[in-house]
Every structure is written in C-alpha cells, then in structure tokens.
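Chain residues, written in single-letter form:
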Amino acid sequence: MKAKVVIGRFQVAELTEGHLYLLNYVNKQEGQLIVLIGSNPATYTRRNELPFSARREMIKEKFPHAIIKCIFDKREDSFWSDEVDSILKGYEDVMLYTGRDGFDKYYTGVHPVVVLKPISIETSGTEMRAMIRDSQRNTADWRE
C-alpha cells in the first residue's frame, strides 16, 4: 500500500494555514495519509506544551481518515530516522512530505522527502507556541 506521510510537531491550539496547506496538499496525493506527530517523553515542557492526544484530535477533526501516530524525539537524528522507517515498515511505496523548517535536514532514512515551497502565511506556529508558552498558567483559561 502506498503511504503519504507528514511529520510535524503541531504544537498549536489550531492548525495554521501552513499546516492546512501541507496536509491538504498531501491528502490529495494517492495513498494512505499518515501523520507522525513528534513528541517528547517529557511532556509539558516549554517546547512541548500540548500532549500528543490533544494534537491527534485536532488533526482528526480535519482529516478523520488519517492514520496518526506518535514519534518520540531521539538523542541522535539517525536513531529518529530509524524510528520513522520502522513505523512505516509494511508500506511498499512511501513518500515523506514537509514544509518550511521541517524535518528534512535531520532525516537520514530510506524514504524520499518532498519539501513543499512555502506559501505566504499570516499565522506562525512558532509565534503561536510562544503565546502558549508565555501565557498565564494555572488559570481556567490556560487549562482549557
């Protein structure tokens, strides 16, 4: 079976225009949509504010047919790349997709990577993460 794979952290309250552009583009390609969500075993850090389950559900709302799996950070890019390849074992034709500032610089596995050219976007995931990180904690609004 052919697999079209998006790998990202998706550490945002809502998918950005850039996320949606990437996911919609890949979804139109032939094959099973697989989304690997990068996670750190140490949850709720300044870089990893949102748990995997919340990010999985956010993507499932827009792409209910997608297979969504967690991929944990590794100390070395080669170990992480091996994990990506292991998760995708069993698929005969795999294509990985990324957008700007994606994983392509770190992946050393066996599958080809397509880097989509950036689109003009208004919302930055980096800025959204900073807002989450810097928000007032231990309030009802923050927990929601």
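Conventions we followed
Residues numbered from 1 in each chain as written. Predicted model: local features only at pLDDT ≥ 70, side-chain atom pairs only at ≥ 80, totals over all residues. Heavy atoms only, no water. Pairing = 2+ DSSP bridges. Helix = DSSP H or I, 4+ residues; strand = E, 2+ residues; numbered from the N terminus. Axes fitted to C-alpha atoms, helices over the stretch in contact; angles between N-to-C directions. Contact = heavy atoms within 4.5 Å. Core = buried A, V, L, I, M, F, W, Y, C linked by side-chain atoms within 4.5 Å. Buried < 20%, exposed > 50% of the residue type's maximum accessible area, 1.4 Å probe, protein only. Salt bridge = Lys/Arg side-chain N within 4 Å of Asp/Glu carboxyl O.

**A few points about the sheet that holds strand β4 (residues 93-98)**
At step 1: Strand order in the open sheet made by the five strands is β3-β2-β1-β4-β5, with parallel pairing throughout. For this open sheet the edge positions go to β3 (67-72) and β5 (113-115), each flanked by a neighbour on one side alone. Ignoring strand direction, the axes of neighbouring strands in this sheet form an average angle of 30°.
At step 2: Across five bridges, strand β1 (residues 2-8) lies against β4 in parallel orientation. Bridged to Ala3 within β4 is Val94.
At step 3: This element, helix α1 (residues 17-27), spans β1, β2 (32-39) and β4 of the sheet and lies at about 175° to β1.
At step 4: On the sheet, helix α3 (residues 77-87) packs against β1, β2, β3 and β4 and is oriented at approximately 155° with respect to β3.

**Some points on the nonpolar core**
At step 1: Core analysis: the largest hydrophobic core is formed by 18 residues, its most contacted members being Val6, Phe10, Val35 and Ile59.
At step 2: For this core, the secondary structure elements donating two or more residues are α1, β2 and α2 (52-62).

**Things to note about the pattern of salt bridges**
At step 1: All chains considered together, the criterion is met by five salt bridges.
At step 2: A salt bridge links Asp101 to Arg100, with the nearest nitrogen and oxygen atoms 3.0 Å apart.
At step 3: Since its relative accessible area comes to 42%, Arg100 is described here as partly exposed.
At step 4: For Lys105, the salt bridge goes to Asp104, with nearest N and O atoms at 3.8 Å.
At step 5: Looking at Lys105, the relative accessible area reads 54%, which means it is exposed.

**Brief notes about unusual backbone geometry**
At step 1: The residue Phe10 is not glycine, and still its phi comes out positive at about 55°.
At step 2: Given a relative accessible area of 4%, Phe10 falls into the buried group.
At step 3: If you check the backbone angles, Asp101 has positive phi at about 55° while not being a glycine.

These figures capture arrangement, not role.
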